[in-house]
Amino acid sequence: MSPSSPYALILDDHPLVAHGMAEFLRARMPQMDVVVASGADDLLRWVGTRGTPAIVLVDFWLAEGSALGLIAQVRAHCPGTPIAVISGDDDPAVMAQARQAGAQGFIHKQAAPDTFGLAVEALLGGLVWFEPGQIGSQPPRNRDLPVTPAELGLSARQGQILALVLQGLPNKRIASQLDIAESTVKEHVTGILERLRVRTRVEAITQLRGRRLELS
């Protein structure tokens, strides 16, 4: 791809999620090059060396904290580029803060892959994507089939971690919430993905849609 060709720029605190989104977009939009940044500084370097991206997708929670400052920087460097925030956080304030910072879209990590694709297409078409009631107001999913960690072949600890992965939380926040080392979380996530026979967190979330994880 030439430096002037259109490209999507992705930054997520979870490399597996970032690359999962990238592969999905490459399959859905073969004409679009997709670049995965390794961090906030790397994302800005890509903008500086390759030029204005067609769209930027950034995780709300990064290793250094929220992406609000980064959104403002991208907006300053690329005023015409749509920015979509990706998050598994159910706090309504997260979507509101992302919008106030200059994002044109907000996509929840538990959205269906097709919804993710439609959101990206809408943003590329000059529209905004903030679904009313998407965050924090979803009714109980009473028709979800209950499943226990044991039924998935997971240990109790892996079940706890999977529950937080399904909420879209990064390893660092999972480690903090469970009071364990981040390296331990990474090891468990690897084991969970292997047991579920998926490659990425996005695939795990998709596979378990329609299931309600019940922890003892």
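The structure we're discussing is the one just above.
Below you will find a few notes about this structure. Every value quoted in this text rests on a predicted model; they were computed, and no experiment measured them.

The rules behind each value
Every chain is numbered on its own, with residues counted from 1 as its sequence reads. Totals for whole chains, interfaces and linings use all residues, but because this is a predicted model, local features are given only for residues with pLDDT of at least 70 and pairs of side-chain atoms are given and counted only at 80 or more. Values reported for side chains reflect all heavy atoms of the structure, with hydrogen atoms and water molecules removed beforehand. Starting at the N terminus, helices and strands are each numbered in turn, a helix being any DSSP run of H or I of at least four residues and a strand any DSSP run of E of at least two. Relative accessibility decides the category of a residue: with a 1.4 Å probe and only protein chains considered, values under 20% of the type maximum give buried, values over 50% give exposed, and everything between is partly exposed. Two strands are counted as paired when DSSP detects at least two bridges linking them. In this analysis an axis means a line fitted to C-alpha atoms, helices contributing only their contacting stretch, and an angle means the value between N-to-C directions, from 0 to 180 degrees. Pairs of residues are marked as contacts when any of their non-hydrogen atoms sit within 4.5 Å. Centres within 6.5 Å make a pair out of two Phe, Tyr or Trp rings, where for Trp the six-membered ring is used; the pair is then stacked when the planes are under 30 degrees apart, edge-to-face when over 60, and tilted otherwise. Each ring is checked for a lysine NZ or an arginine CZ that lies within 6 Å of its centre and within 35 degrees of its normal; such an atom marks a charge sitting over the ring. Only buried residues count toward a nonpolar core. Its members are Ala, Val, Leu, Ile, Met, Phe, Trp, Tyr and Cys residues joined through side-chain atoms within 4.5 Å. Salt bridges are identified by distance alone: a Lys or Arg side-chain nitrogen within 4 Å of an Asp or Glu carboxyl oxygen. Any angle that is under 35 degrees is reported as roughly parallel, and any over 145 degrees as roughly antiparallel; angles of 65 to 115 degrees are reported as roughly perpendicular and all others as oblique. Crossing handedness is read from the near helix: turned anticlockwise from the far helix by less than a right angle, it gives a left-handed crossing, and turned clockwise, a right-handed one. For this classification, the nonpolar set comprises Ala, Val, Leu, Ile, Met, Phe, Trp, Tyr, Cys and Pro, the charged set comprises Asp, Glu, Lys and Arg, and every other residue, Gly included, is treated as polar.

## As for unusual backbone geometry
Stage number 1. Even without a glycine there, the phi angle at Asp179 is positive, about 60°.
Stage number 2. Of note, Asp179 is situated in the loop between helix H7 (171-178) and helix H8 (182-196).
Stage number 3. Judged by relative accessible area, which is 70%, Asp179 ranks as exposed.
Stage number 4. Backbone geometry at Arg197 places phi at a positive 60°, although glycine is not the residue there.
Stage number 5. Following the sequence through the fold, Arg197 ends up in the loop between H8 and helix H9 (201-207).

## Some details on the pairing of strand E3 (residues 55-59)
Stage number 1. Burial analysis of E3 places five of its five residues in the buried class, which makes it a mostly covered element.
Stage number 2. With burial as the criterion, each face of E3 is covered, one bearing Ile55, Leu57 and Asp59 and the other bearing Val56 and Val58.
Stage number 3. Bridge analysis of strand E1 (residues 7-11) against E3 gives four bridges, and the strand direction is parallel. Considered in E3, the bridge of Leu9 is made with Val56.
Stage number 4. Where E3 meets strand E6 (residues 83-87), four bridges bridge the pair, whose relative direction is parallel. Along E6, the bridge assignment pairs Asp59 with Ile86.

## Notes on the sheet that holds strand E7 (residues 105-108)
Stage number 1. Here five strands make up an open sheet; going across it, the order is E2-E1-E3-E6-E7 and the pairing parallel. Edge positions in the open sheet fall to strand E2 (33-36) and E7, since each of these has one partner strand only. Taking each pair of neighbouring strands and ignoring which way they run, the sheet shows an average axis angle of 20°.
Stage number 2. Its contacts with the sheet put helix H1 (residues 15-28) on E1, E2, E3 and E6, and the angle it makes with E2 is roughly 175°.

## Details of the packing of aromatic side chains
Stage number 1. Throughout the structure, instances matching the rule amount to two aromatic pairs.
Stage number 2. In this arrangement the basic side chain of Arg50 is found over the ring face of Tyr7, its NZ or CZ atom lying 4.5 Å from the centre.
Stage number 3. Stacked on the ring of Trp61, the Lys or Arg Arg173 has its end atom at 5.0 Å from the ring centre.

## Things to note about the nonpolar core
Stage number 1. One finds Leu9, Leu11, Leu43, Val58, Leu70 and Val85 to be the most contacted residues of the largest nonpolar core, which totals 25 residues.
Stage number 2. Leu43 has contacts with Leu9, Leu11, Ala37, Val56, Leu70 and Val74, leaving out every residue within four places of it along the chain.
Stage number 3. With 23 residues, the next largest nonpolar core counts Leu164, Val165, Leu178 and Val185 among its residues.

## Side note on the pattern of salt bridges
Stage number 1. Counted by the stated rule, this structure contains nine salt bridges.
Stage number 2. Measuring nitrogen to oxygen at the nearest pair gives 3.2 Å for the salt bridge that ties Asp12 to Lys109. On the criterion of sequence distance, the pair formed by Asp12 in the loop between E1 and H1 and Lys109 in the loop between E7 and helix H5 (113-124) is long-range, its members being 97 residues apart.
Stage number 3. Looking at Asp12, the relative accessible area reads 6%, which means it is buried.
Stage number 4. On the basis of relative accessible area, Lys109 is assigned to the buried category, the value being 12%.
Stage number 5. Ionic pairing is found between Arg26 and Glu23, a salt bridge with its closest N-O pair at 2.6 Å.

## Quick notes on the packing of H7 against H8
Stage number 1. For the pair H7 and H8, interaxial distance at closest approach is 8 Å and the crossing angle is 110°. Viewed along their axes, H7 and H8 adopt a mutual orientation that is roughly perpendicular. The handedness of the crossing between H7 and H8 is right-handed. On the side of H7, the interface is formed by Asn171, Lys172, Ile174 and Ala175, while H8 contributes Glu182, Val185, Lys186 and Val189.
Stage number 2. Across the contact of H7 with H8, the residue classes break down as four nonpolar, one polar and three charged.

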